[in-house]
Amino acid sequence: MALLRPDRFFSGITSIDIKADLLDCGLTCALLDMDNTIVSRETHDVPQDVREWLEEAKRAGVSLCLLSNNWHTTPFEWSKKLDIPVVAKACKPLPHGYIAARDIIGGRSRNTVAIGDQLGTDVLGAHMLGMAAYLVEPLAETDLRHTLALRHVERLILGEMKPESGLASR
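A brief look at the structure comes next. Sequence positions are assigned chain by chain, starting from 1 and proceeding in written order. A pLDDT threshold of at least 70 governs which residues receive local features in this predicted model, and a stricter bar of 80 or more applies before side-chain atom pairs are shown or counted, although totals over entire chains, interfaces and linings include all residues. The side-chain quantities take in all heavy atoms of the structure and omit both hydrogens and water.

**Notes on helix α4 (residues 95-104)**
Part 1: Among all positions in α4, only Gly97, Tyr98, Ala101 and Arg102 are buried. Mapping the buried residues of α4 onto a view down its axis gives an arc of 125°, with all of them on the same face.
Part 2: Looking at the packing, one finds that the buried side of α4 touches β2 (29-32), β3 (63-67), β4 (86-87), β5 (112-116) and α5 (119-128).
Part 3: Numbering of helices and strands runs from the N terminus; a helix is a DSSP stretch of H or I covering at least four residues, while a strand is a stretch of E covering at least two. Of the residues trailing α4, Gly106 is marked for its positive phi of about 75°. Relative accessibility under 20% of the residue-type maximum defines a buried residue, over 50% an exposed one, and the middle range a partly exposed one, all with a 1.4 Å probe and only protein chains included. Read the arc as the range of directions from the helix axis to the C-beta atoms. Whether two residues touch is decided by their heavy atoms; if any such pair falls within 4.5 Å, the residues are in contact.

Pasting the structure below:
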């Protein structure tokens, strides 16, 4: 079960303090899940506070890469809009997508964190490669049918673990 336990659990990506939760922990590279982590499945857009967090992370020297299982053109469109490299069709939790994304931004397992909203893809894949994994609550309750079913299993695994809701450094 340790492979499925996130290192940290946050109420959203903007609750991750870039200095305290990333840089001060030696995490200078971040692999970002796209759907319902930075792009809402409800609005199909990146909320403004998330856009600001991404820009702040870049200014602080955090190297970012989108890592998505999405097979459509959407990841490439967001990559261009956000000016963040992308590895799509990643087949998470399999290692090849994580390795490709980590390599694109010059990371190593010890200084890279995967940030996403699912235990069985984002957290498991990162932990299989010795990377830190931060779980965030999804941006919206709208999701794919199979993902919604897995949310029940995730709640059982998380047990009493509650999300941190600190304010991102601004």
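**As for the packing of aromatic side chains**
Part 1: Whether two aromatic rings pair depends on their centres lying within 6.5 Å, for rings of Phe, Tyr and Trp, where Trp uses its six-membered ring; planes under 30 degrees apart make the pair stacked, over 60 edge-to-face, and the rest tilted. All chains considered together, the criterion is met by one aromatic pair.
Part 2: A ring pair is formed by Phe10 and Tyr134, whose centres lie 5.3 Å apart and whose planes are at 55°; its orientation type is tilted. You can see Phe10 sitting in strand β1 (residues 8-10) and its partner Tyr134 sitting in strand β6 (residues 132-136), a full 124 residues away along the chain.
Part 3: The class for Tyr134 is buried, based on a relative accessible area of 3%.
Part 4: Lysine NZ or arginine CZ positioned within 6 Å of the ring centre and within 35 degrees of the ring normal marks a charge as sitting over the ring. Across the ring face of Tyr134, the terminal group of Arg8 is positioned such that the distance to the ring centre comes to 5.9 Å.
Part 5: Lying over the aromatic face of Trp78, Lys81 brings its terminal NZ or CZ to 4.4 Å of the ring centre.

**A closer look at the environment of Leu67**
Part 1: By the element assignment, Leu67 lies in strand β3.
Part 2: Exposure remark for Leu67: the relative accessible area of 2% places this residue in the buried category.
Part 3: Residues Leu67 and Ala114 lie 47 residues apart in sequence; the distance between their C-alpha atoms is 8.7 Å.
Part 4: In this structure, Leu67 is in contact with Leu31, Leu32, Asp33, Met34, Val87, Ala90, Lys92, Gly97, Tyr98 and Ala101, ignoring residues within four places of it in sequence.

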